[in-house]
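# Examining the three-dimensional arrangement
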Amino acid sequence: MAAGEMKEAIWHGGDLATAKALFPQAPEPWIDLSTGINPIPYPLPELPLSLWQRLPGKADEAALLAAARAAYRIRPESGLVAAPGTQILIELLPRVMPAAKVAVLGPTYGEHAPAWRKAGATVQEIGDLAEIGGANVVVLVNPNNPDGRIVSQEALIALAGSLAARGGLLVVDEAFTDFAPETSLLPILPEGALILRSFGKAYGLAGLRLGFAVGESRFTDALLAMLGPWAVAGPALHVGAVALGDADWLSKAGEARAADSRRLDALLAPYGRVVGGTVLYRLLETPLAPATFERLGRAGIYVRRFQHDPSRLRFGLPGDEPAWARLAQVLAPA
């Protein structure tokens, strides 16, 4: 990087400080639709005071991992490691799997490519898996953020096998798979694949900071060694174990959020073209995206815009009827 050159910041959802700086006169409270997080979170269980007073115990961690194995349908022979969010796993993976050339299927979550670049890899952001060339690591998000693109299990298995044959690795970020379990590679995890799972999005508890990596034990053991002891806080271990064991809540939440996403599609349709998304967010394409972002922002509604495509906006789900009504009112032409 040249002297004086500033690295462009990666835009993320949930940055209300930026929203307030852009629109200082906007009415409060803000409605934050910029994230892909369930707006109706899992009801927190009562937390014993001891969870805050002592270091996390091995039994607590074992309970969480057992719950994750059952909830995610992880094969018994697959390695599993818990971490304080998947972001730290994204940062550590390049140290576990040194790569000369990495292909990232995009456009997608913006932190994957920089993590490998920081480790010295040559990173190519590709639009199709046919373009991976000689890459020894391929990274993709499935379903993808922000457009919801899904790569089939058959294609992923074939790609993992091809990479494994030359000592490579397929990294699949399944952050939005909880409400689309049929897309998960975990129940049939092939050699040469490592899967990332995020807890906070589907359960609406992103601040808990909890994520998992699943793959060959040589990779998960290396990640565990880098994370060190007590990486996941005791309250997160406890809440994660309880929530992951509550399959009934997840099923009902998935049905409710799917209905919400259909409602959001109908609300957005007059203002552009809904070009994809997942149960937790929808992607709107319109030449009026910059003006729509401004209009919403001035009204205290924050949606996700994109550096790579200013014609698109991502809308998360409103969390209650007043938020739905406010969104509809602001979107409607004057």
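Residues numbered from 1 in each chain as written. Predicted model: local features only at pLDDT ≥ 70, side-chain atom pairs only at ≥ 80, totals over all residues. Heavy atoms only, no water.

Below, the discussion takes up the nonpolar core. Among the nonpolar cores identified, the biggest contains 77 residues, and Leu 170, Tyr 203, Phe 212, Leu 244, Phe 315 and Leu 327 are the most heavily contacted of them. Counting residues per element, this core draws most heavily on helix H10 (residues 247–268), which supplies seven residues. Ignoring any residue separated from it by four or fewer positions in sequence, one finds Tyr 203 in contact with Pro 41, Tyr 42, Asp 178, Ala 243, Leu 244, Trp 249 and Leu 250. Of all hydrophobic cores here, the second largest spans 26 residues; its members include Ala 83, Val 96, Met 97 and Ala 113. (Core = buried A, V, L, I, M, F, W, Y, C linked by side-chain atoms within 4.5 Å. Buried < 20%, exposed > 50% of the residue type's maximum accessible area, 1.4 Å probe, protein only. Helix = DSSP H or I, 4+ residues; strand = E, 2+ residues; numbered from the N terminus. Contact = heavy atoms within 4.5 Å.)

Note that predicted coordinates carrying low pLDDT should not be read in detail. Across the chain, pLDDT averages 94, with 96% of residues at or above 70. This stretch, residues 1–6, has a pLDDT under 50; its non-local contacts, to residues over four places away or in other chains, come to one contact. (pLDDT = per-residue confidence, 0-100.)

Moving on, we come to the sheet that holds strand S7 (residues 193–198). Strand order in the open sheet formed by seven strands is S2-S8-S7-S6-S5-S3-S4, and the pairing between neighbours is mixed. Bordering the open sheet on either side are strand S2 (79–83) and strand S4 (122–126), each of which pairs with just one other strand. For this sheet the average axis-to-axis angle between neighbouring strands, irrespective of direction, equals 20°. With three bridges connecting them, strand S3 (residues 101–105) and strand S5 (residues 137–141) associate as parallel partners. Across the sheet, the residue bridging to Val 102 is Val 137, located in S5. Sheet strands touched by helix H8 (residues 217–227): S2, strand S6 (169–173), S7 and strand S8 (211–215). Its angle to S2, the strand with the most contacts, is close to 25°. (Pairing = 2+ DSSP bridges. Axes fitted to C-alpha atoms, helices over the stretch in contact; angles between N-to-C directions.)

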